[in-house]
Amino acid sequence: MVMQSKSANIFLSWTRMLLWKQIAVALVLGLALGVLLNMTGNAAVTGTIKLVGDAFIAAIKMLVVPLVFVSLVCGMTSIAEIGRMGRIGIKTLVFYLGTTAFAVAIGLVLGILLEPGAGVSLVADGKVEAKQAPPFGELIVGIIPTNPVSSAADGNVLQIIFFAILFGLAINLAGAAAKPIRAFFDALNAVIMKLAEIVVAFAPYGVFALMTWVAGSYGVEMLLPLGLIILAVYLGCLIHAVVVYGGLIACMARLSPFRFFQGVIEPAIVSFTSTSSAGTLPVTMAATTRNLGVKSSVASFTLPLGATINMDGTALYQGVTAVFVAQAFGVTLSGADYSTIVAAATLASIGTAGVPGGGLIMLSMVLTSVGLPLEGVAIIAGIDRILDMARTTLNVVGDCACTVLVATSEGEIDIDAFNNPSVMAASKFENG
Ligand code: ASP
């Protein structure tokens, strides 16, 4: 009887808990269970548990295409002034590229200071294939969809963004004749945001399952030999988030960095466990507009674009890894090599897909740019999931930081909502 009422109490306090707290508890419990299963030789069970995580990720991915298209069209129609749209676009790109180059530099410095590859001595035998960066012209032409329906079917976010911007512009230019279409998109947007809330309410279960799987399949002892590189990437991501994003939020936007980090906990944890910034997009969108008070006219533009091209975590990881590979293979890098790595990693991160392991594929491009052996990719692959968790989180938090900065500079943010944590209590998606 006592037991029964105790579990009823636990259940009640669980359902009443705020969503971000539920997600945080799920993360810790998943980690503990995963380590336990690994230590007791039951790692195989984690494969079954992972199915719950896969289902959650599939459900959030399901939302990406309609969410990007509909919210961007609505964003465009709410910023009718073309000049203003251009200004927001330029600010966003400057922020995205500037912080990314800075992130690679942090990665290089940490790689040099911590020397993660110093104790590892390897000899190249040149088997891994290099991935080439597509020519710039091809990249630009590739953004224009020849068939927007197939862009949607393929989930090509850049092409969808391009079409949505033009579509929104055309609605504005058509004026009164397009009024019903504008109302239709506003209504559709409300429905899709509701859909996102429903899916995101399942985040704690997805996070728990994915965390159990990662901890269960890697175990603690497998991580120790490559511990220094893991430390360098995690430390770099932390420094970049606190110093660069925290600093910009405090100095440029004159807002509290604490409130900012508190407001992005949900997308941070979901991206940490899902390792997909594109997949986390619905959660990122909900958090910035609801917890941080950013108007969706800005968020609907900066966030889908950020999830596609802004990858500070990926760039930082590529910087650290390039230094690691050079150290492990005994290659000395020159000053010019370091500058090449900054440029190559910035470009590679733009081309990286916001999916699990996307950065690992582009790593070969960075290593090739300075003639480093591509076997490095194979070594990193073994622990890539662990590194992916940190870098994806930084990628997503960076998108949120840019969104807040651009929104503040355009007066498109509700400062009271940003400063008021009780607004976050309302963001529980009514799952209690
Ligand atoms: N998983 C990362 C992301 O989705 C990309 C990467 O692998 O670096 O942002």
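Shown above is the structure to which this text applies.
A brief report on the enclosed structure follows. (Residues numbered from 1 in each chain as written. Predicted model: local features only at pLDDT ≥ 70, side-chain atom pairs only at ≥ 80, totals over all residues. Heavy atoms only, no water.)

1. Details of the layout of surface pockets
Roughly 1,500 Å³ of internal volume is contained in the largest pocket. Every residue lining the largest pocket is counted, 50 residues in all, and those nearest its centre are Ile143, Leu158, Thr308, Ile309 and Ile350. Taken together, the elements giving at least two residues each to the lining of the largest pocket come down to helix H3 (45–78), helix H4 (82–114), helix H5 (136–142), helix H7 (157–174), helix H13 (277–291), helix H14 (296–309), helix H16 (335–351) and helix H17 (358–369). Among the elements that line the lining of the largest pocket, the one with the most residues is H7, at eight residues. Looking at the lining of the largest pocket residue by residue, the class counts come to 34 nonpolar, twelve polar and four charged. For the second largest pocket, the calculated volume is near 390 Å³. Around the second largest pocket, the lining is made up of 15 residues, and of these Cys237, Leu238, Ala241, Thr393 and Val397 lie nearest the centre. The set of elements that each furnish at least two residues to the lining of the second largest pocket consists of helix H10 (227–251), helix H12 (265–274) and helix H19 (384–409). (1 Å grid on protein atoms, 1.4 Å probe; cavity = no way out; pocket = protein on both sides within 12 Å on 5 of 7 lines; lining within 4 Å. Points joined across faces, edges and corners; volume = space filled by probe spheres on them. Helix = DSSP H or I, 4+ residues; strand = E, 2+ residues; numbered from the N terminus. Nonpolar A, V, L, I, M, F, W, Y, C, P; charged D, E, K, R; others polar.)

2. A few points about the packing of aromatic side chains
Tallied over the entire structure, the rule returns eight aromatic pairs. Plain terms: the ring middles of phenylalanine 95 and tyrosine 96 are 6.1 Å apart, the flat faces sit at 65 degrees to each other, and that makes the pair edge-to-face. Residue classification places phenylalanine 95 among the buried residues on the basis of a relative accessible area of 11%. Here the aromatic cluster, defined as three or more aromatic residues joined through ring pairs, consists of Phe69, Phe163, Phe167, Phe184 and Phe185. Here the basic side chain of arginine 259 rests over the ring of phenylalanine 418, its NZ or CZ set 5.9 Å away from the ring centre. Directly above the ring of tyrosine 317 sits arginine 391, whose terminal nitrogen or CZ lies 3.9 Å from the centroid. (Phe/Tyr/Trp six-rings, centres within 6.5 Å; stacked < 30°, edge-to-face > 60°. Buried < 20%, exposed > 50% of the residue type's maximum accessible area, 1.4 Å probe, protein only. Lys NZ or Arg CZ within 6 Å of the ring centre and 35° of its normal.)

3. Topic: the side chain of threonine 99
Relative to the assigned elements, threonine 99 resides in helix H4. Filtering out sequence-adjacent residues up to four positions away, threonine 99 remains in contact with His240, Val244, Tyr245, Leu248, Asn310 and Asp312. (Contact = heavy atoms within 4.5 Å.)

4. Overview of the environment of serine 150
Inspection of the secondary structure puts serine 150 in helix H6 (residues 148–154). Considered as a pair, serine 150 and isoleucine 160 are ten residues apart in the sequence and their alpha carbons are 9.8 Å apart.

5. Let's talk about H14
The end-to-end C-alpha separation of H14 is 19 Å, in line with the 20 Å expected for 14 residues at 1.5 Å each. In terms of residue burial, H14 counts as a mostly covered element, since 13 of its 14 residues are buried. (Expected span 1.5 Å × (residues − 1).)

6. So, the packing of H7 against helix H8 (residues 179–200)
The interhelical angle for the contact between H7 and H8, taken along N-to-C directions, is 135 degrees, at an axis separation of 9 Å. By the angle between their directions, the pair H7 and H8 is classed as oblique. At the point where H7 passes H8, the crossing takes the left-handed sense. Taken together, the residues of H8 that come into contact with H7 (itself represented by Phe167, Ile171 and Asn172) are Ile181, Arg182 and Phe185. Of the residues belonging to the contact of H7 with H8, the class tally is four nonpolar, one polar and one charged. (Axes fitted to C-alpha atoms, helices over the stretch in contact; angles between N-to-C directions. Parallel < 35°, antiparallel > 145°, perpendicular 65-115°, else oblique. Left-handed = near helix turned anticlockwise from the far one by under 90°.)

7. A word on unusual backbone geometry
If you check the backbone angles, glutamate 115 has positive phi at about 45 degrees while not being a glycine. Structurally, glutamate 115 is set in the loop between H4 and H5. Despite not being glycine, threonine 275 shows a phi value in the positive range, around 50 degrees. With respect to the secondary-structure elements, threonine 275 resides in the loop between H12 and H13. You can call threonine 275 buried: its relative accessible area is 1%.

8. Considerations on the site of the ligand
Every one of the 16 residues lining the ligand counts as a neighbour, but Ser277, Thr314, Gly359, Asp388 and Arg391 are closest to it. Within the side chain of threonine 392, an N or O atom sits 3.0 Å from a nitrogen atom of the ligand. Its free accessible area being 270 Å², the ligand has 100% of it covered by the protein chains. Applying the majority rule of atoms within 2 Å of the grid points places the ligand in the largest cavity. Examining the composition of the shell around the ligand, we find that four residues originate from one element, H19, more than from any other. When the residues that make up the shell around the ligand are grouped by side-chain class, the tally is three nonpolar, eleven polar and two charged. (Near = heavy atom within 4 Å. Polar contact = N/O pair within 3.5 Å; in protein donor to acceptor, adjacent residues only side chain to side chain. Areas by Shrake-Rupley, 256 points an atom, 1.4 Å probe, with all protein chains shown as cover. Sits in = over half its atoms within 2 Å of the grid points.)

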